[in-house]
Amino acid sequence: TRHELVAYFQPQVSCVDSSVKGFEALMRWRHPILGLVSPAQFIPLAENNGQIVSMGSWMLKEACMQAIRWQEYQPPGAPLLRIAVNVSLRQFADVNLVRDVQVALESSGLHPQQLELEITEGTAMLDMQRTMDLLRQFKSMGLQLAIDDFGTGYSSLAYLKRFPLDVLKIDQSFIRQICSDKDDRAIAAAILSLAHSLQLKVIAEGVETEEQHTLLTEMGCDEIQGYLHGRPMPSDDLQVWMHEKYRHKAL
Ligand code: C2E
Ligand code: CA
Ligand code: CA
């Protein structure tokens with residue numbers, strides 16, 4: 001099934017000027033009969049039977065390799081683009097993860113600073129000492145580190161402070177109704193304030209409307225990711241998207 005996997009990429013843009021800061025790599029399964037299968041359907045299965053480990057190591061390589069092509073579409077002098085890759089619980093517990101990351105970086109030539117690993121709050125908090133060791137190791141290699149789906153699990157704030165993190169991603173369940181639900185807005189504001197006091201950048205996921213973008217910008221959010229700015233797309237489409245985005249800007 002491995003040759004049926006496809007990497008899609010979704011832009012992450014600056015709240016302030018909508019410039020592209022990076023992309024999240026999202027897995028798709030192109031099934032000969034079922035068509036494009038959503039990761040929500042196959043990742044829990046692959047996590048259970050262990051296949052996620054080899055799928056994840058494929059994804060790391062694929063994402064790094066594709067990401068190397070995109071920098072040239074940036075305006076001159078723009079900062080390096082990031083590529084964020086999801087790391088599942090099982091992968092995080094696997095002894096070969098560090099080696100897989102090294103191989104992906106070396107075989108692609110991607111700068112380590114361009115690679116961001118996303119681990120969910122649940123994964124990070126399961127075995128905090130192990131998380132600390134691994135994150136420190138990744139940090140010493142120069143990677144960026146993000147906590148995904150923040151707010152949906154339980155975080156030890158003591159550890160959150162000590163982990164060498166760069167980014168918190170606000171879960172989309174708090175973004176969906178952020179304009180109409182004051183409780184969601186309060187949670188997002190609390191996450192922003194916590195993250196910023198820990199010097200972490202905040203990315204809001206699932207931003208679909210201009211109103212959400214405006215509100216999050218007013219609230220001090222750093223970056224957003226969502227259908228408003230770009231859907232997940234295959235690498236070739238993304239190249240076209242980058243070209244269009246920056247050609248338009250130059251005119
Ligand atoms: P996630 O990491 O939280 O990824 C964000 C999900 O939100 C993606 O779903 C993305 O397509 C979707 N999304 C982005 N913007 C919007 C929006 O504006 N509105 C709405 N309604 N949805 C939006 P996707 O691609 O179906 O992936 C689902 C989950 O599967 C991911 O959630 C992640 O947990 C997992 N996953 C995907 N790819 C990988 C992978 O390569 N490795 C691992 N371990 N997990 C993956
Ligand atoms: Ca993610
Ligand atoms: Ca997420």
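For clarity, every value in this text was computed on a predicted model and none was experimentally measured.

Is there a simple way to explain the site of ligand 1 in this structure?
Surrounding ligand 1, one finds 20 residues, the nearest of these being Q10, R28, Q172, E208 and Y227. Between ligand 1 and D148 there is a distance of 3.1 Å, counted from an oxygen atom to a side-chain nitrogen or oxygen. At a separation of 2.5 Å, a nitrogen atom of ligand 1 approaches a polar side-chain atom of E208. The cavity that encloses ligand 1 is the largest pocket. Mapped by element, the contributors of at least two residues to the shell around ligand 1 are β2 (20-31), α1 (39-49) and β6 (144-150). Broken down by element, the shell around ligand 1 gets its largest block of residues, 4 residues, from β2. Among the residues making up the shell around ligand 1, the classes are represented as 8 nonpolar, 6 polar and 6 charged.

Help me understand the packing of helix α2 (residues 52-67) against helix α4 (residues 97-108), please; the structure alone is not making it clear to me.
Packed helices, taken two at a time, are described by their axes: the angle between them and the distance between them. At their nearest, the axes of α2 and α4 sit 8 Å apart, and the two run at 25° to each other. One way to sum up the angle between α2 and α4 is to call them roughly parallel. In this structure, α2 crosses over α4, and the sense of that crossing is right-handed. Facing α2, whose interface residues are S57, L60, K61, C64 and M65, α4 presents L97, D100, V101, V103, A104, L105, S107 and S108. Among the residues forming the contact of α2 with α4, the class breakdown is 8 nonpolar, 3 polar and 2 charged.

About the criteria used
- Residues numbered from 1 in each chain as written.
- Chains lettered and ligands numbered in written order.
- Predicted model: local features only at pLDDT ≥ 70, side-chain atom pairs only at ≥ 80, totals over all residues.
- Heavy atoms only, no water.
- Near = heavy atom within 4 Å.
- Polar contact = N/O pair within 3.5 Å; in protein donor to acceptor, adjacent residues only side chain to side chain.
- 1 Å grid on protein atoms, 1.4 Å probe; cavity = no way out; pocket = protein on both sides within 12 Å on 5 of 7 lines; lining within 4 Å.
- Sits in = over half its atoms within 2 Å of the grid points.
- Helix = DSSP H or I, 4+ residues; strand = E, 2+ residues; numbered from the N terminus.
- Nonpolar A, V, L, I, M, F, W, Y, C, P; charged D, E, K, R; others polar.
- Axes fitted to C-alpha atoms, helices over the stretch in contact; angles between N-to-C directions.
- Parallel < 35°, antiparallel > 145°, perpendicular 65-115°, else oblique.
- Left-handed = near helix turned anticlockwise from the far one by under 90°.
- Contact = heavy atoms within 4.5 Å.

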